[in-house]
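Report on the structure
Residue-level listing of the chains:
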Amino acid sequence: MYRYILNRLLLSIPTLIGAAALVFILMRLIPGDICMVRLGGSGGSISASALAVCHAQVGADRSMPLQFLDFIGGFATGNFGISMWSGKPVVLEIATRLPVSLEIAILATVVAVLIAIPLGTISALKQNSWLDHIVRTVAIAGIATPSFWLGILSILVVLDVSRWLFGSPWMPSIDYVPLWVDPLQNLSIVILPALTIGYRYSAVTMRMTRSAMLEVLREDYIRTARAKGLLEQLVVNRHALKNAMLPVVTLIGIEFAFLIGGLVVTEQVFNLNGIGRLFVQAVQNQDYTLTQALVMLTVAVFVVTNLVVDVLYAWLDPRIRFG
Amino acid sequence: MKIRNGWRATLVIALLATTPALAQTPKKGGTFTYMIPADAPPSLDGHKENTFATLQATAPFYSTLIAVNPDNPSSTTDFVCDLCTEMPKPTDDGKTYTFKIRKDVKFHDGTPLSAADVALSWQYIVHPPKGVSSARESYMVMVDTVENPDPETVVFKLKFATSAFLPALADPYAYIYKKETLEKDPSWFEKNVMGSGPFKFSAYEIGQSIKGTRNPDYYHAGQPYLDGFVAIFAAKQSVRVDAIRADRAVTEFRGMPPSARDELVKELGDKVTVQTSDWNCVNLLTPNQKKKPFDDVKVRRALALAIDQWKGAPALSKIATVHTVGGLVFPGSPLAATKDELIKMSAFSTDMDKARAEAKKLLKEAGAENLKFELMNRNVDQPYKFIATWAIDEWSKIGVKATQKVLPTGPFYEALRSGSFEVAVEFNCQNLVNPLLDVAKVLPRSVYPENYGGYEDPKLIELYNTMLTETDATKQREKMRAFETYALDTQVDTIMTPWWERIIVARSYMKGWKISPSHYINLNLANIWLDK
Amino acid sequence: MTVAADHPITLRRRRWLDAALTFVRRQPLGTVGLVVVIVAALAGLSAEWIAPYNPTSNDFAVMTEPPSAAHWLGTDQFGRDLLSRIIYGARTALIIGFVSAFVGGFAGLVLGVGSAYFGGLIDLALQRVMDILMAFPLIIMALAVVAIFGTGVQNVIIAITVPLIPRCARVVRASALSIREVPYIDAARTCGFGHVRIILRHMVPNVVAPFLIMLTAFVGQAILAEASLSYLGLGVQEPVPAWGLMLQGGAEEYASTAPWIAIFPGLAIALTVFGFSLFGDALRDAIDPKLRER
């Protein structure tokens, strides 16, 4: 097993280098540069000397291969450099935003699992019943609604309901407070975005649970268990659900790594100062160092999650051998 | 008042409220929460940055030498002292301005502020040392030297006398920094805050919010009224409207679109107050004359003729942050063209059938009957994309097919600078109304580096220079007309769109603040108080 | 048998009909989905004939009007008829959806089957490339692509398509791998058939089922991705009638004062994606014998 993990880790090196090269090239293909974004924003004239000073500051005068080596070398030694936009260490920029995003991602996952697994199971057990149809319709609606639309609507609903209940509209604060400072306020801020993301996430998970359950329910050992006269509940809980969970766990893992994409839009809708919003800002500001670090972070998370999921998978299911 | 045809700065209190807002005595106390409609600015240094996000986040911490009168901010000519003791009369044929500096001013660290701090800050703005940048160096071309003969005096010596100097000096970004700090580390103010303004810096949550508390030693008696403030970065409009609705924030100081105003007034009635003003910002539709067929003035004129300014402005004002038809000059300025003067130019015709027939004829003559082109725009909704949608539909009425291509800020500038566009939605948005300098935008690039029309025109430059050196107001106005007519009608170097409208919606308990034609000024919060 | 010989066409038609009827009976949700898809497709194809107004011409006399007899779904900020814009928007949505899905799908198919068939170093290298594209945050790549090339329908399509390729390639490769070692492929190889022939005749048909199911999912995902890009301001641009664009403008500015401007385009997107997903699910259930009803 250790050999398998080592092998997988070695295979991830080209992925990381490839992703590094891709983001490096993509960012530099975008016309213009950070100095123009910085100085041109307001429509006044850009002073030529200010532009020159800015270019020197951000190191735009270094050659491309050197810049790439800096980036790879820095990444390998854990030195992510300085954000070209704010002049602050990239690690600090990311660390400031990570708690909000992580909190929402974890909460959304919890929401998704709590909704998806029971409903997906019921849906499979009652295949093609009206219950199944309703559950599937709700699930697919979650996948079909643009996430920003869901977010904007959910705030409006909160505003209207609170006005109806208390006479004046209420919404959570738009100034994030960390969990350890004021847990209640913090929860009121993160709950809506977590639900919005969690709904979509649960829809995907629910569909996977349903089809995995359907497949497992047709396996011989389930028939045997049923034939032995075991209680249906026991069959489902002990035998079917446990085995159906394998692909579901995989999906949850992979989707967790993909959450960053969902956060990009949701954090904008709810005005959260998280990683997703930082990502968009970094790309639009043409902040090479920050974008590169963020891409490498997501790629690394993706690689690690995949590895963990695969190892878990193999560990849970003895039929899979480490190849 | 004929001249100021479009000029309005109105205070509309929603519903029937007749509160004598101005007669009340300010109450002390309270924390004021407002939103900055942008993402985090690159740095906190007003001297180096050029985005309103920096200004709206840091203006409460700093003092400036002079400022637009906070009690009369809609005026384009009313400047008052902030750190000086009185507004000086120029000497030496208008080439020397001597300012006496207040003696009762302290920096937030407790040390006294002297003329030496003012002089050095201005020296860094006007002539930054090597390796230090100054974003508005080019606005200060008229300044020769800034001197500090004694601890109470700062003297500005100009290269030539010009009425453009005082507005430039009232630049809201021109914070006064501490000499010692600036000399030791000119980049210190990028990441730190230390001024002498009405509020002391208390916290900056990077990318999220900035907070300040009352400066008890503030030198303007009685001010500030607030105990403190919280400014939250909120880039998306729906969030900002919702936040005002739920009273999570009092207001924002850039300007909201009409739809947001309508929603808030409908929802909150007299709990919100609306102030509107013409805004010193305008979008320009600039053809790239290096690209065919836009090198042909007939084609450019046809594009201008097709647009119905007079019908478009009132309609657009219902959905976009634009309002007043105008020429090159801000409609609130005495130098601006009247409606009668505008109509004389073909681009401002009132007989659209005739104008569009003429446009089609011109296109035919130019051999560009089925003209198709790409309109390049910046990734900003209000009002850029609204202007583009409108213009494209107007052009379709003379058979011209335009598509819109939107670029983020960086690529947009690169395309402008490298001339890789056909027609662009440009913008001219200046900190302070200073028409003589603002209209320089249409001068060829050899003179004005931020012109992207791709033309050379000695006659236009000559017209400008004679206007700039004219001292008689009436004659200067006539020369402005000649310059404007030549640029907009004879050459059609750019096509005007309605000037912007600034709409500020605030919770009604915010008092003491008045709207101005610029979202860069009157932002230090010293005059704001909460009636709660 | 005689019937078949006499009326082969009738029988084929009847068989097709039978299959369709079975599908309708067994997959009521899938049928709903199919109907939605067909309606959207018809709207998109016949927009010129069925749309009551020109979708791009402004009419300042009727700005932000609620639904009425003249404008069934109301008008937008520029006084344009929403129904007409939604009908034309179906075309934009389906062009983006189908082109992205097909281009992304076929590129994925070729890479996936090729990777599985040739194996070895080619497989290893291709898989690493796919890994990179998979791990790369999609929306960021889309943002970068649009920043490089600018907006415009074809650039938006490029931005959406690139991320679809590796996901398709993955699934196809897995299906193809499972049949690569099946004896008849070996047999075909020993018979000396060329690579192309083996791939086209033997491997491709076996991965068609998962591939088709994925295609239907991709169409929906592409339509949603366009909406997300629109929210960031970098999707299809005015005056092109496009659902994501209409929803963005409507949702940001008119969600509570003129809700129809936001609701109808939002519904159009949700319903269409919903339709494709339901249909895709039903197709999977129908094709996969394991999931068929007991």
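Bear in mind the structure is a predicted one, so any value in this text is a computation, not a measurement.

**Notes on the packing of helix H11 (residues 243-254) of chain C against helix H12 (residues 260-287) of chain C**
Residues and elements named next belong to chain C. Between H11 and H12, the least distance of the axes is 8 Å, while the angle of their chain directions is 140°. If you check the angle between H11 and H12, you find them oblique. Relative to H12, H11 is oriented so that their crossing is left-handed. Counting all contacts with H11, which are made through Trp-243, Gly-244, Met-246, Leu-247, Gly-250, Ala-251 and Tyr-254, the residues of H12 involved are Ile-261, Ala-262, Pro-265, Gly-266, Ala-268, Ile-269 and Thr-272.

**Side note on the state of the cysteines**
Residue and element names in this part refer to chain A. All told, the structure shown has three disulfides over all chains when counted by the stated rule. Cys-35 shares a disulfide with Cys-54; S-S distance 2.1 Å. Disulfide Cys-35-Cys-54: torsion about the S-S bond near -90°, hence left-handed. Of this pair, Cys-35 sits in helix H2 (residues 34-40) while Cys-54 sits in helix H3 (residues 48-58); the two residues are 19 residues apart in sequence, bridging distant segments of the chain.

**What about the packing of aromatic side chains?**
Two numbers describe a pair of aromatic rings. These are the distance of the centres and the angle of the planes. Evaluated as defined, the whole model comprises 40 aromatic pairs over all chains. Taking 5.6 Å as the distance between ring centres and 80° as the angle between the ring planes, the aromatic pair formed by Trp-122 of chain B and Phe-156 of chain B counts as edge-to-face. Of this pair, Trp-122 of chain B sits in helix H2 (residues 115-126) while Phe-156 of chain B sits in strand E7 (residues 153-158), placing them 34 residues apart in sequence. Neither residue differs from the other here; Trp-122 of chain B and Phe-156 of chain B are each classed as buried. Counting every residue linked through ring pairs, the aromatic cluster contains Phe-32, Tyr-34, Phe-61, Phe-199, Phe-201, Phe-229, Phe-253 and Trp-513 of chain B. Directly above the aromatic system of Tyr-288 of chain A lies the positively charged group of Arg-28 of chain A, at a separation of 4.2 Å from the ring centroid.

**Section: the nonpolar core**
Ranked by size, the top nonpolar core spans 278 residues in total, and within it Phe-148 of chain A together with Leu-285, Phe-348, Phe-373, Leu-375, Trp-395 and Phe-483 of chain B carry the most contacts. If you tally residues by element for this core, the top one is helix H10 (residues 195-231) of chain C, at 16 residues. Setting aside residues up to four positions removed in sequence, Trp-395 of chain B forms contacts with Leu-285, Leu-303, Ala-306, Ile-307, Phe-373, Leu-375, Val-400, Ala-402 and Val-423 of chain B. Counting 82 residues, the second-largest nonpolar core is a separate cluster that includes Tyr-175, Phe-199, Trp-513 and Ala-526 of chain B.

**Quick look at the confidence of the model for chain A**
Looking at chain A as a whole, the pLDDT averages 84, with 95% of positions reaching at least 70. Per-element mean pLDDT across chain A ranges from 75 in helix H9 (residues 220-227) of chain A up to 91 in helix H11 (residues 275-284) of chain A.

**Overview of the interface of chain C and chain B**
Frequently, the measure chosen for interface size is the accessible area removed from exposure when the parts meet. Opposite the 25 residues of chain C that make contact, chain B presents 30 residues. A buried area of about 2,400 Å², summed over both sides, lies between chain C and chain B, and 54% of it is on carbon and sulfur atoms. If you sort the residues of chain C by the area they bury against chain B, Phe-60, Glu-252 and Glu-253 of chain C come out on top, with a joint share of 25%. Applying the counting criterion to the chain C and chain B interface returns one salt bridge. With a shortest N-O distance of 3.5 Å, Glu-252 of chain C and Lys-236 of chain B are connected by a salt bridge. At the junction of chain C and chain B, the tally comes to 11 residue pairs in polar contact (both at pLDDT 80 or more). Contributing elements (two or more residues each) for the side of chain C that touches chain B: helix H7 (138-149) and H11 of chain C. Looking at side-chain class alone, the side of chain C that touches chain B contains 10 nonpolar, 11 polar and four charged residues.

**Describing the confidence of the model for chain B**
All names here are of chain B. Averaged over every residue, the pLDDT of chain B is 91; residues scoring 70 or more account for 96%. Contacts from residues 1-21, a stretch scored under 50 in pLDDT, to residues over four places away or in other chains number 48 contacts. As scored by the predictor, the complex reaches a pTM of 0.90 and an ipTM of 0.89.

**Digging into the sheet that holds strand E2 (residues 31-36) of chain B**
Residue and element names in this part refer to chain B. The strand order across the open sheet built from five strands is E8-E9-E10-E2-E11, with neighbouring strands paired in mixed fashion. Edge positions in the sheet fall to strand E8 (199-205) and strand E11 (251-252), since each of these pairs with one other strand and no more. Sheet analysis places E8 next to strand E9 (residues 209-214), joined by six bridges and oriented antiparallel. Note on E9: the bridge partner recorded for Glu-205 is Ser-209.

**Focus: the domain arrangement of chain A**
All names here are of chain A. Taken domain by domain, chain A consists of domain 1 (33-79) and domain 2 (90-316). A C-alpha centroid distance of 37 Å is found between domain 1 and domain 2. The partner domain 2 presents six residues to the five residues of domain 1 that form the contact. Summed over both partners, the interface of domain 1 with domain 2 buries about 610 Å², with 70% contributed by carbon and sulfur atoms. The interface formed by domain 1 and domain 2 holds zero residue pairs in polar contact (both at pLDDT 80 or more) in total. Taken together, the residues of the side of domain 1 that touches domain 2 break down into four nonpolar, no polar and one charged.

**Some remarks on the interface of chain A and chain B**
Contact with chain A, which involves 50 residues of that partner, is made by 55 residues of chain B. At the boundary of chain A with chain B, total buried surface from both sides reaches about 4,500 Å², with 51% on carbon and sulfur atoms. One salt bridge in this structure joins Asp-39 of chain B and Arg-277 of chain A, with 3.3 Å as the shortest N-O distance. Seen at the junction of chain A and chain B, the total is 15 residue pairs in polar contact (both at pLDDT 80 or more). The biggest single contributor to the side of chain A that touches chain B is helix H7 (residues 147-166) of chain A, with six residues.

**A word on unusual backbone geometry**
The amide bond that connects Gln-223 of chain B to the next residue, Pro-224 of chain B, takes the cis arrangement and shows omega of -10°. Among the secondary structure elements, Pro-224 of chain B is positioned in the loop between E9 and strand E10 (228-233). Its identity is not glycine, yet Asp-247 of chain B carries a phi of approximately 60°, on the positive side. In this model, Thr-64 of chain C sits at a positive phi of 40°, which is unusual for a non-glycine residue. Tracing the sequence through the fold places Thr-64 of chain C in the loop between helix H4 (47-50) and helix H5 (82-118). In this structure Thr-64 of chain C comes out as partly exposed when scored by relative accessible area, which is 26%.

**A short note on empty space enclosed by the protein**
Under the definition given, this model contains 19 cavities of 30 Å³ or more. Its volume calculated, the largest cavity comes out at about 1,200 Å³. Broken down by secondary-structure element, the contributors of at least two residues to the lining of the largest cavity are H2 and H11 of chain A, helix H1 (52-58), helix H6 (237-245), helix H12 (381-396) and strand E16 (423-429) of chain B together with H11 of chain C. Top contributing element to the lining of the largest cavity by residue count: H12 of chain B, with four residues. Of the residues belonging to the lining of the largest cavity, the class tally is 23 nonpolar, 16 polar and 10 charged. Taken as a whole, the second largest cavity encloses approximately 230 Å³ of empty space.

**Some words on the domain arrangement of chain B**
Residues and elements named next belong to chain B. Examined at the domain level, chain B breaks down into domain 1 (29-250 + 509-530) and domain 2 (278-501). In this structure, domain 1 and domain 2 have C-alpha centres spaced 32 Å apart. The partner domain 2 presents 13 residues to the 18 residues of domain 1 that form the contact. Between domain 1 and domain 2, roughly 1,300 Å² of surface is buried when both sides are summed, and carbon and sulfur atoms account for 60% of that area. Inspection of the region where domain 1 meets domain 2 yields zero salt bridges. The residue inventory of the side of domain 1 that touches domain 2, partitioned by class, reads 12 nonpolar, four polar and two charged.

What counts, and at which threshold
Residues numbered from 1 in each chain as written. Chains lettered and ligands numbered in written order. Predicted model: local features only at pLDDT ≥ 70, side-chain atom pairs only at ≥ 80, totals over all residues. Heavy atoms only, no water. Axes fitted to C-alpha atoms, helices over the stretch in contact; angles between N-to-C directions. Helix = DSSP H or I, 4+ residues; strand = E, 2+ residues; numbered from the N terminus. Parallel < 35°, antiparallel > 145°, perpendicular 65-115°, else oblique. Left-handed = near helix turned anticlockwise from the far one by under 90°. Contact = heavy atoms within 4.5 Å. Disulfide = S-S within 2.5 Å. Phe/Tyr/Trp six-rings, centres within 6.5 Å; stacked < 30°, edge-to-face > 60°. Buried < 20%, exposed > 50% of the residue type's maximum accessible area, 1.4 Å probe, protein only. Lys NZ or Arg CZ within 6 Å of the ring centre and 35° of its normal. Core = buried A, V, L, I, M, F, W, Y, C linked by side-chain atoms within 4.5 Å. pLDDT = per-residue confidence, 0-100. Buried area = accessible area lost by both parts, 1.4 Å probe. Salt bridge = Lys/Arg side-chain N within 4 Å of Asp/Glu carboxyl O. Polar contact = N/O pair within 3.5 Å; in protein donor to acceptor, adjacent residues only side chain to side chain. Nonpolar A, V, L, I, M, F, W, Y, C, P; charged D, E, K, R; others polar. Pairing = 2+ DSSP bridges. Domains from an automatic or database assignment. 1 Å grid on protein atoms, 1.4 Å probe; cavity = no way out; pocket = protein on both sides within 12 Å on 5 of 7 lines; lining within 4 Å. Points joined across faces, edges and corners; volume = space filled by probe spheres on them.

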